[in-house]
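# Structure at a glance
Listed below, chain by chain, are the residues.
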Amino acid sequence: MNWKVLGAGAAITVPLVALLAAGFGRDPKLRSNALEGREAPNFSLRTLDGEPFSLSEARGNPVVVNFWSTWCQPCKIEHPVLMSAAESYGPNGVHFVAVLYQDEAPKARAFLNRSGSHWPTLEDPGGRTAIAYGVAGVPETFFIDKSGTIVRKVAGPVSQEIMVTTLEQML
Amino acid sequence: MIRSFLFVISLALVSPNVSAGGDQDVVEELATVELPDPPLEDPPSASIAAARTERLQKALRCPVCQGLSVADSPSDAARAMGDRIEELVTEGYTEAQVTEYFVDRYGAWVELEPPSEDHQTLFFAPIVLLSLGMIGLLFWARQRTREDTDTAQDNPSPMVPTPDPDLEPWRKRILAELDGSAS
């Protein structure tokens, strides 16, 4: 066996295969969870009822910030999970906040009147808060711990299992 | 705290139409998002701000599109992002600050073109690899030539015999006979 030829072949193919493996092993459509582990951007918005709300008011408690809209079908699928979690964990000090994304307040009010909600829903004029959280679609949910750090971001509807597991970790 | 939440919720349930839905100015007035750093520059002139905004809107990717810049996308999300870029630039945030702000939130993906360092690596890597390959090939060829020369010196090839002048008549005769037999 010619070891020199074998070595030269390996020197060319191994890095090439490693490069391809790294490239194909990564989903190019996957968005970064860049804010995980960092301080949640503070915001002050008004609820659908005109009441002021600031995230800093909830400091010291775990907070679940959910970006949603009425035109988003997965958001409607996720709604019962949020309702159930808010009923179970709200009394334990977990705050739930919803931020309306690219939607109109009357439509959101109509939906919430039909489906119910145990949390304030905030209007986000100009989508500044959504941008501050790097929201690239709805639903997206941010779990913020007592110190104000984003411990988890979930893109897409949150399952009951992820909701419970994450909230238990934060409490 | 919880009471205030309950109050808000009760308002939502009891009087959903009492909201400030019609009073968009009030909603706009209060809506603020804290930024991580102050702007590094004073607010630029309108023409400079417009040029910076345009460059940034072309350089940053629309968050809900495939391969479209904020400037090129007609989506609501891109419009919101474009407006936000304009706001930040007008406040005096530099292009680097604005880019960093979006990269921090959306990841490096938000830049349509990768950072220049990556560009340079991608550009120079094949040239460097090709040069190394050529140098290696030259060394290999040179070493092989040297080995052939050494072998040649160790085992000199047999010399072509010089024809003996005394045998020349015999040689001519043989050749003549061969020609005769051939014809």
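Remember, predicted model here, so these are calculated numbers, not experimental data.

## Quick word on the confidence of the model for chain B
Residue and element names in this part refer to chain B. With 74% of its residues at a pLDDT of 70 or more, chain B has an overall mean of 79. Below a pLDDT of 50 lies the segment residues 1-22, which in the model reaches 29 contacts outside its immediate sequence neighbourhood of four places, other chains included. Here the predicted complex carries an ipTM of 0.81, next to a pTM of 0.69.

## Considering the packing of helix α3 (residues 46-59) of chain B against helix α4 (residues 76-91) of chain B
Two quantities define a packed helix pair, namely the angle between the helix axes and the distance between the axes. All names here are of chain B. Closest axis-to-axis distance for the α3/α4 pair is 9 Å, and the angle between their directions is 140 degrees. By the angle class used here, α3 and α4 are oblique. As α3 runs across α4, the sense of the crossing is right-handed. On α4, the residues that touch Ala49, Arg52, Thr53, Leu56 and Gln57 of α3 are Gly82, Ile85, Glu86, Val89 and Thr90. Here the contact of α3 with α4 is built from residues that sort into 4 nonpolar, 4 polar and 2 charged.

## Some words on the packing of helix α2 (residues 73-89) of chain A against helix α5 (residues 160-170) of chain A
Residue and element names in this part refer to chain A. The interhelical angle for the contact between α2 and α5, taken along N-to-C directions, is 30 degrees, at an axis separation of 10 Å. Comparing the axis directions of α2 and α5 gives the class roughly parallel. The two elements α2 and α5 meet at a crossing, and its hand is right-handed. When α2 is examined against α5, the residues Val81, Ala85 and Tyr89 are found in contact with a partner set consisting of Gln160, Met163 and Leu167.

## A closer look at the pairing of strand β1 (residues 43-47) of chain A
The buried fraction of β1 of chain A is high, at 4 of 5 residues. As judged from the 2 bridges shared by β1 of chain A and strand β1 (residues 32-33) of chain B, these two strands associate in the antiparallel manner. Considered in β1 of chain B, the bridge of phenylalanine 43 of chain A is made with valine 33 of chain B. Pairing geometry for β1 of chain A and strand β2 (residues 52-54) of chain A, over 3 bridges, is antiparallel. In the sheet register, leucine 45 of chain A faces β2 of chain A, and the bridge partner there is phenylalanine 53 of chain A. From the end of β1 of chain A to the start of β2 of chain A, which pair antiparallel, there are 4 residues, and glycine 50 of chain A there has a positive phi angle of about 85 degrees.

About the cut-offs
- Residues numbered from 1 in each chain as written.
- Chains lettered and ligands numbered in written order.
- Predicted model: local features only at pLDDT ≥ 70, side-chain atom pairs only at ≥ 80, totals over all residues.
- pLDDT = per-residue confidence, 0-100.
- Contact = placed C-beta atoms within 7 Å.
- Axes fitted to C-alpha atoms, helices over the stretch in contact; angles between N-to-C directions.
- Helix = DSSP H or I, 4+ residues; strand = E, 2+ residues; numbered from the N terminus.
- Parallel < 35°, antiparallel > 145°, perpendicular 65-115°, else oblique.
- Left-handed = near helix turned anticlockwise from the far one by under 90°.
- Nonpolar A, V, L, I, M, F, W, Y, C, P; charged D, E, K, R; others polar.
- Buried ≥ 20, exposed ≤ 12 C-beta atoms within 10 Å, placed from the backbone.
- Pairing = 2+ DSSP bridges.

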